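A look at the structure
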Amino acid sequence: MTTVAPLRVANLDVRDSLRPAFVLASGFALFTLALHVACSIYGSRLGYGFFRDELYFLVCGHHLDWGYVDQPPLVALQARIAEALFGLTPTGIRVLSFAAGAVKVGLTGLLAWQLGGKRRAQVLAMMAALAAPVFLVADNYLSMNSWEPCFWMGCLFVVLRIADGSWGPRWWLLFGTLAGLGIENKDSTVFFLVALVLGMLLAPQRRLLWSKWVATAIGVIFLIALPNFLWQWQHHWPTYELLNNVAHSDKNTKLPPFAFLKQQADMLLIFSAPLWVGGLVWLGFARRAKAWRFVAVTYLLFLAMMMVMYAKDYYLAPIYPVLFAAGAVWFVQVTRRGWPVYAYAAVIAAFMAAATIPIGLTVLPPDRYSAWAAHFGANKTRTEKFSSPLPQYLSDRFGWEEMAQGFVARYNALPPEERAKTGIFCGNYGEASAVNVLGAKYGLPVAISGHQNYFYWGWHGYTGESMLTLGDDSKGYSENYEQVIDLGAFDAPWIMDHEHLHYFLLKHRKKTYEQEWPGLKYWY
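In this report, the structure presented in the accompanying data block is examined. Since this is a predicted model, take the numbers as computed values, not measurements.

**Some points on the packing of helix 5 (residues 95-114) against helix 6 (residues 119-131)**
Two elements in contact, helix 5 and helix 6, have axes whose closest approach is 8 Å; the angle formed by their N-to-C orientations is 145°. Along this stretch, helix 5 crosses helix 6, giving a crossing that reads as right-handed. Along the contact surface, helix 5 presents Val105, Gly106, Thr108, Gly109, Ala112 and Trp113, while helix 6 presents Ala121, Gln122, Ala125, Met126, Ala129 and Leu130. For the contact of helix 5 with helix 6, the residue count by class is eight nonpolar, four polar and no charged.

**Topic: the packing of helix 16 (residues 320-335) against helix 17 (residues 338-360)**
As a packed pair, helix 16 and helix 17 sit with axes 8 Å apart at the nearest point and diverge in direction by 140°. The orientation of helix 16 with respect to helix 17, classified from their angle, is oblique. The chirality of how helix 16 crosses helix 17 is right-handed. In contact with Phe331, Val332 and Thr335 of helix 16, helix 17 contributes Pro340, Val341 and Tyr344. Across the contact of helix 16 with helix 17, the residue classes tally to five nonpolar, one polar and no charged.

**Observations regarding the packing of aromatic side chains**
To describe a pair of aromatic rings, one takes the distance between the centres and the angle between the planes. Within the structure shown, the criterion is met by 36 aromatic pairs. Aromatic side chains phenylalanine 425 and tyrosine 513 sit 5.8 Å apart centroid to centroid with 10° between the ring planes, which places their arrangement in the stacked category. Remark: tyrosine 513 occurs in helix 25 (residues 513-516) and phenylalanine 425 occurs in strand 1 (residues 422-425); sequence separation between them is 88 residues. Residue tyrosine 513 is classed as buried on the basis of its relative accessible area, which comes to 1%. Chaining the aromatic ring pairs together yields one cluster made of Trp231, Phe425, Phe455, Tyr456, Trp459, Tyr513, Trp517 and Trp523. Looking at lysine 254, its charged tip hangs above the ring of tyrosine 310, at a distance of 5.8 Å from the centre.

**Describing the pattern of salt bridges**
According to the stated counting rule, one finds 10 salt bridges in the structure shown. When the shortest N-O distance is used, the salt bridge between arginine 52 and glutamate 499 registers 3.0 Å. You can see arginine 52 sitting in helix 2 (residues 52-61) and its partner glutamate 499 sitting in the loop between strand 4 (481-490) and strand 5 (501-509), a full 447 residues away along the chain. Glutamate 499 matches arginine 52 in its accessibility class, with the two residues each being buried. A salt bridge links arginine 94 to glutamate 54, with the shortest nitrogen-to-oxygen separation between them at 2.6 Å. One end of the pair, arginine 94, is in the loop between helix 4 (90-93) and helix 5; the other, glutamate 54, is in helix 2, with 40 residues separating them in the sequence. Residue arginine 94 is classed as buried on the basis of its relative accessible area of 1%.

**Focus on helix 8 (residues 148-163)**
The first and last C-alpha atoms of helix 8 sit 23 Å apart over 16 residues, in line with the 22 Å expected at 1.5 Å per residue. By the criterion of burial, helix 8 is predominantly enclosed, with 16 of the 16 residues buried. Looking one or two residues beyond helix 8, the residue adopting positive phi is glycine 165, at roughly 85°.

**Overview of unusual backbone geometry**
Positive phi is not limited to glycine here, since leucine 269 has a value of about 90°. Mapped onto the elements, leucine 269 comes out in the loop between helix 13 (257-268) and helix 14 (273-285). Assessed through its relative accessible area of 3%, leucine 269 is described here as buried. Even without being a glycine, histidine 508 presents a positive backbone phi close to 60°. Looking at the secondary structure, you find histidine 508 in strand 5.

About the thresholds
Numbers given to residues run from 1 along each chain, matching the order in which its sequence is written. Per-residue local features are limited, in this predicted model, to residues with pLDDT of at least 70; the limit for side-chain atom pairs, both in listing and counting, is 80 or more; totals at the level of whole chains, interfaces and linings are taken over all residues. By convention in this description, side-chain values take in all heavy atoms of the structure and omit both hydrogens and water. To get an axis, a line is fitted to the C-alpha atoms, and for a helix only the part in contact is used. The angle between two axes follows their N-to-C directions and goes from 0 to 180 degrees. Put simply, DSSP H or I for four residues or longer makes a helix, DSSP E for two residues or longer makes a strand, and each gets a number counted from the N terminus. In a left-handed crossing the near helix is turned counterclockwise from the far helix by less than a right angle, and in a right-handed crossing that turn is clockwise. Residue contacts are counted whenever heavy atoms from the two residues lie within 4.5 Å of one another. By the convention adopted, Pro, Cys, Tyr, Trp, Phe, Met, Ile, Leu, Val and Ala count as nonpolar, Lys, Arg, Asp and Glu as charged, and the other residues, Gly among them, as polar. In these notes the angle categories are as follows: under 35 degrees is roughly parallel, over 145 is roughly antiparallel, 65 to 115 is roughly perpendicular, and the rest is oblique. Paired rings are identified among Phe, Tyr and Trp, the last through its six-membered ring, by centres lying within 6.5 Å, and are further divided according to the angle between planes into stacked (under 30 degrees), edge-to-face (over 60) and tilted (the rest). When accessible area is computed with a 1.4 Å probe and restricted to protein chains, residues below 20% of their type maximum are described as buried, those above 50% as exposed, and intermediate ones as partly exposed. Placement of a positive charge over a ring is assigned whenever Lys NZ or Arg CZ falls within 6 Å of the ring centre and within 35 degrees of the normal to the ring plane. Salt bridge criterion: a side-chain nitrogen from Lys or Arg within 4 Å of a carboxyl oxygen from Asp or Glu. Expected span of a helix: the number of residues minus one, times 1.5 Å.

See the structure below:
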């Protein structure tokens, strides 16, 4: 393979130095971090607790492995590190996700700098990334979604630098490292990388791919992703089985193309739409953007993939920082003066303060949330079928402590000899993880479940002789247990509608868990 010269960009000689751009990006990043920390602490005082998935990730963090049924390993490692460093509190376990949000905003500014934008363009781009509702929400709790844009935009930053000649081909090694970590963070990175490669093949930058350093980068990606690949192979591809189950169910909302596109504008903030649309057009047609033409092609290909697969609308979100950056560069070019740029940034900031922060973060008391959100026509489109009094990302932060305490009261009410042989079975990983994370301090036994990776963690030696559970109807248990006793309702304000359940005591399972465990697998 030979090293191929990149396309040269005419305005490279007048690009500002990196240092002031980095200082500005760092300022925005620190503000983003402080915003998330403050809102999380305040939200805890308002009653917002752990998010459902956070509890599950914490349990995964105590079962570290190279893979899980429903995610690669990095989010579990993130949970374990955050808990160890910052403590078992909602804010503590989210610090690394807050940091990811900060990195993403700062990286958006650096992308604007890389595309030739000066201070005004960098400010506008970072303001748009900071105010986007989809990013504010995703970065405000522990999840793999917070780091996903960082890995993707890190990859693009490297390729952009190589494409215009700012960096040599050896930097493909950094690309490979970021891409590999991105795959270990979330499987959807594979689709992004496929779109990126196809985008480069369809653009003049295809010649950059014929390099020994690209081949080496592919090797790096393979080595980093190999442990998870081997785990999947050893466990007979559970993630594919899960995704296939979901695809053939009614769990996710399938949006037609126009609705999917509308959701892109809504989740990014409607006032920012001219920015990212303009950035897409600028990357696709502007002479100054010739070296980076492949980015526009990559976006369009990735958009088409997600629409064909009926993916959730936010699966496309991690690619938008580069379009914000390009749009800011374009906006500065067409306006020429400084005040329209700062005025646009001020409008976005004002709407963020009035709408996206109150609606996306935990700053409104739950009893005031709906009235405030209604003023702005908050987006009511759901990505899943489940309903709730608040948006799912808020309702799923309520009720877990009350649920664990309900188990505690009923467990402690049992006679000592019965308590000694009683376990807990839960229908989903949220309930089981609430018991295992929040119930440990009360002395609750380990909860088991057939849901997602709980299936692999097994039945914990329980036979089913005496089990506590949550369910909606005793008839669902009478087939497998000789005695089903209703121990009263579980209820808490603001919880998901499907979590209004009853506690049951199940006695004398007709067949043991060991005998029937394969049939209890629930990957959905």
